2 protein chains.
Amino acid sequence: MSVTNSAVQAAPAEGVKLPAHETVYQKLRAQILFGELAPGQAVTIQGLTESLGAGMTPVREAIRRLISDGALMFQGNRRVSVPLLRSEDIDELSYVRKSIESELARRAALRINPDQIARLEAIDVALDQAINTGDVAGYLVQNYSFHSELYGYADAPIMADLADRLWLRFGPSLRVVCGRFGTQSFPDRHKDIIDAMRRNEPEKVAHAMEKDVEQGMEQVSQGLGASN
Amino acid sequence: MSVTNSAVQAAPAEGVKLPAHETVYQKLRAQILFGELAPGQAVTIQGLTESLGAGMTPVREAIRRLISDGALMFQGNRRVSVPLLRSEDIDELSYVRKSIESELARRAALRINPDQIARLEAIDVALDQAINTGDVAGYLVQNYSFHSELYGYADAPIMADLADRLWLRFGPSLRVVCGRFGTQSFPDRHKDIIDAMRRNEPEKVAHAMEKDVEQGMEQVSQGLGASN
DNA sequence: CAAGGTGAAATTTGATCATATTCTGGGGGC
DNA sequence: GCCCCCAGAATATGATCAAATTTCACCTTG
C-alpha cells in the first residue's frame, strides 16, 4: 500500500527508483487524505519545497495533479488551498459515490476469492481496533484501505480511479468530523459486505456498500452542518 | 465556451491575461477531444514546446493534468501517449456516463429556463448541419457543446467535472469511429431531450439522455470492434 | 561467406534545478 | 482615506543532468 503514515524522509529502499514528482504527489495526497492538511488551509509552493525537501518543479506538478483531482483548489489569484465542502457538494458526492462504489462492489463480488476476502477481513479487524482505541488516524487509513482494496478486486480501473478521486474530495472533511465527534458513532456495514461476499451474493454486496456510503456521507453532512 | 475549433494562435483578446500552462492545457485538451491526436500516438514534451510555442515547464504541467484526467497515459518508461480504448473500458464508461449524465440532465431540467433551451436548440441545429454536410470535426465540437452546455445548467459542478473528464477518455476514439463510418448513422436523441425539457419532464429528460449516451457508446464499441 | 545477435556509443527525451520576470497584496506616505 | 511603492511568492525560461532507446559495428555461428 502506498500509505506511509509518518513524515520520515521515506527511505527509498522499496522499489529503487521512482521520479520525484511522483513521490511528492503521493506524500501530498496522503497528507490530504488523512487530514494533515485541514480544509481551508493555504498551500504554498515554497512551503512544500522545504517541508518535503524537493525541488520546485516536482512540487508544481504534484499540485497541478491534485488540483485536477479536486483535492486542492486554485483560488484564482495564484493561491492554492484545501477546498471546503459545501452541503451541495456532499449531495453530489453522495449520489456519485453510491452509484460508482456499489457497482464496484458488485463487480468485485463476482471475481473475489477466499484469500482476498480474508484480506478484507484483516483490514476490518484493524479498523475495529482503531475505532475501539479512538485512533482517528488509524481509522481513516484502515477505512480507506478497505474500500481501496475492495475496488482493486473489481477489475474496473476507470471506476476505481474515479472512486479514488472522489475520496480525495471529502477526505479532509472526514478528518474534521472524526476529530470533532470521535470514531464511535459510525455503524459498521463492512461486516455485511464481507458476509455477502462469502455467501456469493453480488446484489447484497452492492446494496450493503450503498448503505455504507450513504451512512458515511450522512455523518460528514451532519458533522459539517454543526459547524456551518 | 472554451471550445475554440481552429488551431490559430488563439488571439488572447477575450479575457486579457491568463497563465501559459492554462492555455497550453486548453489547447492540448481540445486537440485530444476533437481528434487531432489519434489513440496510440506518442506525445513528447519537446515536440509540444515547439508546436505550441511554449516553454517546457507549462507543457509539463499541462501533460500532468491531462494524465490525471485520463486523457493521456503514462507508459511507465517516462513515455506519454494517447490511450487506446479497450472494450472493457467502454463497458465501464458506458455505465458511469449513463449514471452521471442522466442525473445531470435531470437536474438541469429542474432549473433550465427558455433562453437556455433556445441555446441548446441552436447548438443542435448546428449539429444537424454538421451531420448533413459530413463535417466530422464540426459534429464532434457541436455534440460536445450540447452536452457541456446542458451540464452547465445543472448546478452540479462536481458531476459536470466528472462528465467532462470521461469525455476526454473516449473523445479520440469517437473521432476514429466518425472518420471511419461518417456521421450518418447516429440517431439524434437530442430532440427528445429538448422536447422533454420544454414539457418540463425531468424524468423523461434523464431517460432520453441515458439513451443518447447508450447509443453513443454503442457506436464507439461497434466501430472499435471492427478494427480489433 | 552471409546472416543474425550482442554490445557499446551516441542521440534523443525526460527530470531537475537555478534564475529571471511578473504579478499580487500590503504597508507607508501624502 | 486613497494611491503608490516595495516585498514576497508564483510563473516561466533555459541549462544541466540522467536515463532510455536506437544505431551500428563487430563477432559468432550456420
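Enquirer: Sorry if this is basic, but what is going on with the overall build of chain A here?
Expert: Secondary structure assignment for chain A yields 9 helices and 3 strands. Counting helices and strands in the order they occur from the N terminus, chain A gives α-β-α-α-β-β-α-α-α-α-α-α. For chain A, with 228 residues in total, the buried portion stands at 41%. In chain A, the share of contacts with a sequence separation of at least 24, taken over all contacts with a separation of at least 6, comes to 76%.

Enquirer: How should I be thinking about the protein's contact with DNA strand D in this particular structure?
Expert: In the region of DNA strand D, 15 residues are neighbours, and Thr44(A), Pro19(B), Ala20(B), Gly55(B) and Thr57(B) sit closest. Looking at the surface near DNA strand D, the elements with two or more residues in it are helix 2 (45-51) of chain A together with helix 1 (20-33) and helix 3 (56-69) of chain B. Residue contributions to the surface near DNA strand D peak at 3 residues, all from helix 3 of chain B. Of the residues belonging to the surface near DNA strand D, the class tally is 6 nonpolar, 6 polar and 3 charged.

Enquirer: Just to check I follow, could you spell out the nonpolar core for this structure?
Expert: Within soluble globular proteins, side chains that are nonpolar generally end up buried alongside one another. Within the largest apolar cluster, 121 residues are counted, with the highest numbers of intra-cluster contacts made by Leu104(A) and Leu104(B). Not counting residues within four places of it along the chain, the set of residues in contact with Leu104(A) comprises Tyr151(A), Ala154(A), Ala156(A), Met159(A), Ala160(A) and Ala163(A).

Enquirer: Could you clarify how one ought to interpret unusual backbone geometry in this entry?
Expert: Generally, phi is negative for residues other than glycine and the peptide bonds are trans, each holding for most cases. Positioned with a positive phi, Asp155(A) is a non-glycine residue whose angle comes to about 55°. Topologically, Asp155(A) is positioned in the loop between helix 6 (136-152) and helix 7 (157-181).

Enquirer: Would you take a moment to explain helix 8 (residues 190-198) of chain B for this structure?
Expert: Owing to its 3.6 residues per turn, the α-helix brings residues three or four apart onto one side. Residues and elements named next belong to chain B. Of all the positions in helix 8, only His-190, Ile-193, Ile-194, Ala-196 and Met-197 are classed as buried. Viewed along the axis of helix 8, the buried residues span an arc of 165°, placing them on a single side of the element. Against the buried residues of helix 8 lie helix 4 (87-111), helix 5 (114-132), helix 6 (136-152) and helix 9 (202-225).

Enquirer: What am I meant to see in the protein's contact with DNA strand C here?
Expert: Around DNA strand C, the structure places 17 residues, and the nearest of them are Ala20(A), Gly55(A), Thr44(B), Ile45(B) and Arg78(B). Those elements giving two or more residues to the surface near DNA strand C turn out to be helix 1 (20-33) and helix 3 (56-69) of chain A together with helix 2 (45-51) and helix 3 of chain B. In terms of residue count, the dominant contributor to the surface near DNA strand C is helix 3 of chain A (3 residues). The residue inventory of the surface near DNA strand C, partitioned by class, reads 7 nonpolar, 7 polar and 3 charged.

Enquirer: How should I be thinking about the domain arrangement of chain A in this particular structure?
Expert: Size of an interface, as often reported, equals the accessible area lost when the parts are brought together. Residue and element names in this part refer to chain A. Domain boundaries in chain A define domain 1 (20-81) and domain 2 (87-225). The C-alpha-based centres of domain 1 and domain 2 are spaced at 25 Å. Listed per partner, the contact involves 10 residues of domain 1 and 13 residues of domain 2.

Enquirer: Looking at this structure, I do not really get the relation of the copies chain B and chain A. What am I missing?
Expert: Placing chain B over chain A gives an RMSD of 0.1 Å and needs a rotation angle of 180°, together with 0.0 Å of translation along the axis. The superposition operator between the copies reduces to a two-fold rotation axis. The fraction of interface residues of chain B whose copies in chain A are also interface residues reaches 100%, indicating that both copies meet through the same surface.

Cut-off values and rules
- Residues numbered from 1 in each chain as written.
- Chains lettered and ligands numbered in written order.
- Predicted model: local features only at pLDDT ≥ 70, side-chain atom pairs only at ≥ 80, totals over all residues.
- Helix = DSSP H or I, 4+ residues; strand = E, 2+ residues; numbered from the N terminus.
- Buried ≥ 20, exposed ≤ 12 C-beta atoms within 10 Å, placed from the backbone.
- Contact = placed C-beta atoms within 7 Å.
- Near = placed C-beta within 6 Å.
- Nonpolar A, V, L, I, M, F, W, Y, C, P; charged D, E, K, R; others polar.
- Core = buried A, V, L, I, M, F, W, Y, C linked by C-beta atoms within 7 Å.
- Arc of directions from axis to C-beta.
- Domains from an automatic or database assignment.
- Least-squares fit on C-alpha atoms with pLDDT ≥ 70 in both.

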